[in-house]
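# A closer look at the structure
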Amino acid sequence: MYIEVKSKIDGGFLEEKKNNDTIVIVYHWNSCGHCKILMDMFEDLLMYQSNIFNKSNVFGVEYDNFKYLPNELTDVNAFPMIIAYENGKKKEEFKEQRTKENLEKFIKKNSSKSSSEVSSKSSSKSSSKSSSKSSSKSSSSNSKSTRKRKPLKIYPSSKK
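Our subject in this report is the structure included herewith.

Cut-offs and rules
In every chain, residue numbers begin from 1 and rise along the written sequence. It should be noted that, the model being predicted, local features are given only for residues of pLDDT at least 70 and side-chain atom pairs only at 80 or more, the latter also being counted only at that level, while totals for whole chains, interfaces and linings use all residues. As a rule here, side-chain values come from all non-hydrogen atoms in the structure, and water together with hydrogens is ignored. A pairing counts as a salt bridge when a side-chain nitrogen of Lys or Arg comes within 4 Å of a carboxyl oxygen of Asp or Glu. We call a residue buried when its accessible area falls under 20% of the maximum for its residue type, exposed when it is over 50%, and partly exposed in between, using a 1.4 Å probe and counting protein chains only. In this description a helix means any DSSP run of H or I spanning at least four residues, a strand means any run of E spanning at least two, and both kinds are numbered starting from the N terminus. Where helices are involved, their axes are fitted lines through C-alpha atoms of the stretch in contact, as for all axes, and angles between N-to-C directions lie from 0 to 180°. Should the near helix be turned counterclockwise from the far one by less than a right angle, the crossing is left-handed, whereas a clockwise turn marks it as right-handed. Whether two residues are in contact is decided by their heavy atoms, any of which lying within 4.5 Å being enough. The nonpolar class holds Ala, Val, Leu, Ile, Met, Phe, Trp, Tyr, Cys and Pro. Asp, Glu, Lys and Arg form the charged class, and all remaining residues, Gly among them, are polar. In this analysis, the expected span of each helix is defined as 1.5 Å times one less than the number of residues it contains. To obtain the arc, one takes the directions from the helix axis to the C-beta atoms.

### What about the pattern of salt bridges?
Applying the stated rule across the entire model yields six salt bridges. Between Lys90 and Glu93 there is a salt bridge, and its shortest N-O distance comes to 3.2 Å. For Glu93, a relative accessible area of 24% translates into the label partly exposed. One salt bridge in this structure joins Lys108 and Glu104, with 3.2 Å as the shortest N-O distance. With Lys108 and Glu104 both in helix α4 (residues 100–109), this residue pair falls four residues apart, about one helical turn. Note on Lys108: relative accessible area 46%, which makes it partly exposed.

### A few points about the packing of helix α2 (residues 33–48) against α4
Contact geometry of α2 with α4 gives a least axis separation of 10 Å together with a crossing angle of 65 degrees. For the element pair α2 and α4, the recorded crossing hand is right-handed. Along its contact with α2, which presents Leu38, Met41, Phe42, Asp44 and Leu45, the element α4 presents Lys100, Leu103, Glu104 and Ile107. When its residues are assigned to classes, the contact of α2 with α4 shows six nonpolar, no polar and three charged.

### Some thoughts on helix α1 (residues 8–20)
Compared with the 18 Å implied by 1.5 Å per residue over 13 residues, the 19 Å span of α1 between its first and last C-alpha is a close match. Burial in α1 covers these residues: Asp10, Gly11, Leu14, Lys17 and Lys18. Here the buried residues of α1 occupy an arc of 125 degrees about the axis, which is enough to place them on one side. Seen from the buried face of α1, the exposed residues on the opposite side, beyond 90 degrees, are Lys8, Ile9 and Asn20. Looking at the packing, one finds that the buried side of α1 touches β1 (2–5), β2 (22–28) and β3 (58–62).

The following block contains the structure:
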């Protein structure tokens, strides 16, 4: 799954996952040219390689939203930066050339086994709910929750 952290709720979810799982955080800043290029590649991965995100806990955090993160996750000294954490501790930093292939390899390498088990359980629950005719309202709300997220769009800053 991929979540762009934009609220306290997202930040709390990230903190919960960080302490119990392997996560990858993509730190970026909207005013950074290198970040815009990276996020375009990342957006392509989201659209065309969504299967790797079903097995991973990947979070994006824009600099202005650091306020929603636990303090130990805000120690970033450059942008863009991609870091894998395992059970609350920094595991690995992405230091390869920024290509789609290298990003995909890093995310696969640092994917969480327990999140893939969770996503397979939730997908089997959603398919059984959507097949039931008695609860059409719950199946329609369930289909919304399993709908793919739209990819992150980054627009140039209008500040001069």
